[in-house]
Structure formats: structure tokens, C-alpha cells
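# Overview (structure and organization)
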Amino acid sequence: MLRITEAVHHQMVAHCLAGLPDEACGLLGGNLETGDVVTCYPARNVAVSAKLYEVDPKDYLRADRDAEAAGNSIIGVFHSHTHTDAYPSPTDVAQAPDPTWHYVLVSLRDIRPVVRSYRIVDGVITEEPVTVSSQYNPK
Amino acid sequence: MSVTVHLPTVLRSHAGGAKDVTADGATVGEVLQSLAAEYPGLSGQVINGDGSLHKFVNVYVNDDDVRYLSSLDTPVTDTDEVSILPAVAGGATDISGSRPA
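Rules of the game
Residues numbered from 1 in each chain as written. Chains lettered and ligands numbered in written order. Predicted model: local features only at pLDDT ≥ 70, side-chain atom pairs only at ≥ 80, totals over all residues. Helix = DSSP H or I, 4+ residues; strand = E, 2+ residues; numbered from the N terminus. Rg over C-alpha atoms; globule rule 2.2 N^0.38 Å. Buried ≥ 20, exposed ≤ 12 C-beta atoms within 10 Å, placed from the backbone. Contact = placed C-beta atoms within 7 Å. Pairing = 2+ DSSP bridges. Axes fitted to C-alpha atoms, helices over the stretch in contact; angles between N-to-C directions. Nonpolar A, V, L, I, M, F, W, Y, C, P; charged D, E, K, R; others polar.

## Remarks on the overall build of chain B
The number of helices and strands found in chain B is two helices and six strands. The order of α-helices and β-strands along chain B, N terminus first, is β-α-β-α-β-β-β-β. A compact globule built from 101 residues should have a C-alpha radius of gyration of about 13 Å, and chain B, at 14 Å, falls within 12% of that. Seen along its three principal axes, the alpha-carbon backbone of chain B occupies a region of about 45 × 30 × 25 Å. In chain B, which comprises 101 residues, the proportion classed as buried is 34%. Excluding contacts between residues fewer than 6 apart, the proportion of contacts in chain B whose partners are at least 24 apart in sequence is 52%.

Take a look at the structure:
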């Protein structure tokens, strides 16, 4: 289960919309055990493509340091699909870097963005519910 | 040289759960080899069998990506921090496994 604040949700969707016509991506910082996301780290897509994304490694380095300084970790990644559903593609599954992460897909196929989250472990995709809260105490 | 190596969450289980470990070497390559010698679970994860850097792994010395320095021959000193981060990539298109060098 993934819990995100409204602020994180808005930042994530805004970053994806701003990235059009290319895919956008970013990292999510929070508590690995509870699945609470407290920070959205919009990142540069160095693939600069409407079909592929790669998080700028420098952005990952900064996000990782920032999250750890706050006592959190990077617990997932989000990226947009500009014309397809909010579901992990074969490429997303093949290149998923960490089985403990949450993989959030933002589909911009229709006028209203769709946000869905998944775990990807050993090539198996499992969807998980996303809860958006106005506020919560993650500690 | 004895440097601090910061591990990504995905590799920490191979080092007993540690976030930061120490390894010896005068270059990034030597540090990574010494890391793999101490934590056998890490061998093959960062450096390939032919001694090259795994294409889906990024290695930084402080704030610099070693691919823009001298790659595995990049020298390190005691005050440097080496960070290992996996490549985070994907996309809607099925291109299974390719990544520009």
C-alpha cells in the first residue's frame, strides 16, 4: 500500500504534465516499512523521449542524500506514460532496479491523469492501493 | 586509501544491511574489487566479469559520475565518498534491456 500526501500527488502529476510531450520521472522519498511517501523528487528524464525514461543519476544522488538526511529513504519511482495505460510495460519490469520499491505510473492518455502504484518483484507485477491524504504523521 | 562506500538499498542485504561500508583502494576499480572481496554477494553486481562497470549501475566519487572522470581508473583519497546507485529507467516502449552506453 502506498500513502501519499496531496502535495506529493500534485507535484508528481504536475511534473508529468510539464514533461509532455516526453515521459517525465521522479523519485519518492519516505518510510520504506510503512509505504508513506513524504517527499516528491521530480527528476530530469535524460532519455528525453516520449517512450522511455531514465532518471538523471545526479538527481537520484541528490534525492538519496536529501531523503537520508531527513531520516527517510528513496522508496520508489514515478514516471508517466504519455499515450498508454498506467501499467508497467515489459521495459518497466525488466529494468525495475529494486524489489523493495513502489513503482508509480501516471497515465496521461486521457484528459484526466490516472495514478496507479505497483510492486515489481522477480518480474511479477502486483498492484497496490494508493491513498492520498491531506496530511498524516509518517513517523 | 580507505574510502566510504555508500550502498543503495537494493545492495545492502549483501553487506549485512549496512548503508555505508569502508573499502580500500587507490582507484574506484580497486575499491569496488575490495568491496566484492569483503562482501561476495556484491561481486558481479557492480563490476562485470570482464572488469567493466555494469551498464545499469552508476558510480559517483563525491558529486562526480566516474563515467565523466576516468571510470574505474578514477583515483580516490581517504576523504572521498564513493556512492553506488542503480540506473532507474523504463518506459512505455518494449526495448528490453538496451541502454545507451
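## A word on the sheet that holds strand β3 (residues 36-43) of chain A
Residues and elements named next belong to chain A. Within the open sheet, the eight strands sit side by side as β8-β7-β6-β5-β2-β3-β1-β9. Their pairing is mixed. Every other strand in the sheet has two partners, leaving β8 (124-128) and β9 (130-133) as the edge strands with one partner each. Between one strand and the next, the sheet's axes are offset by a mean angle of 35°, whatever the strand orientation. The pairing of strand β2 (residues 25-31) with β3 spans seven bridges and is antiparallel. When the sheet's bridge partners are listed, G29 is paired in β3 with T39. Packing of helix α1 (residues 6-19) onto the sheet brings it into contact with β1 (2-5), β2, β3, β5 (73-81), β6 (102-107), β7 (114-121) and β9, and relative to β3 it is tilted by some 20°.

## Description of the pairing of β7 of chain A
All names here are of chain A. Sheet topology places β6 next to β7; five bridges connect them, and they run antiparallel. Counterpart to V106 in the pairing with β7 is V115. Across five bridges, the pairing between β7 and β8 is antiparallel. Note that in β8 the partner of S117 across the bridge is E128. Connecting β7 to the antiparallel partner β8 that follows it, the hairpin turn spans two residues, and D122 within it adopts a positive phi of roughly 50°.

## Observations regarding unusual backbone geometry
The general pattern is negative phi for most residues beyond glycine and trans for most peptide bonds. For the peptide bond that leads from L20 of chain A to P21 of chain A, omega is 5°, which places it in the cis range. With respect to the secondary-structure elements, P21 of chain A resides in the loop between α1 and β2. Despite not being glycine, V48 of chain A has its phi angle at roughly 40°, a positive value. If you trace the backbone, V48 of chain A turns up in the loop between β3 and β4 (53-54). Positive phi, normally seen in glycine, also occurs at S71 of chain B, with a value near 50°. Structurally, S71 of chain B is set in the loop between β4 (64-65) and β5 (81-86).

## Concerning the interface of chain A and chain B
Listed as interface residues are 26 residues of chain A and, on the opposing side, 19 residues of chain B. At the level of elements, β4, α2 (57-69), β5 and α3 (90-94) of chain A are the ones that each hand at least two residues to the side of chain A that touches chain B. Classifying every residue of the side of chain A that touches chain B by side-chain character gives 11 nonpolar, nine polar and six charged. Of the strand pairs in this sheet, β4 of chain A and strand β6 (residues 89-90) of chain B are connected by two bridges, and their pairing is antiparallel. The residue bridging Y53 of chain A from the neighbouring strand is G90 of chain B, located in β6 of chain B.

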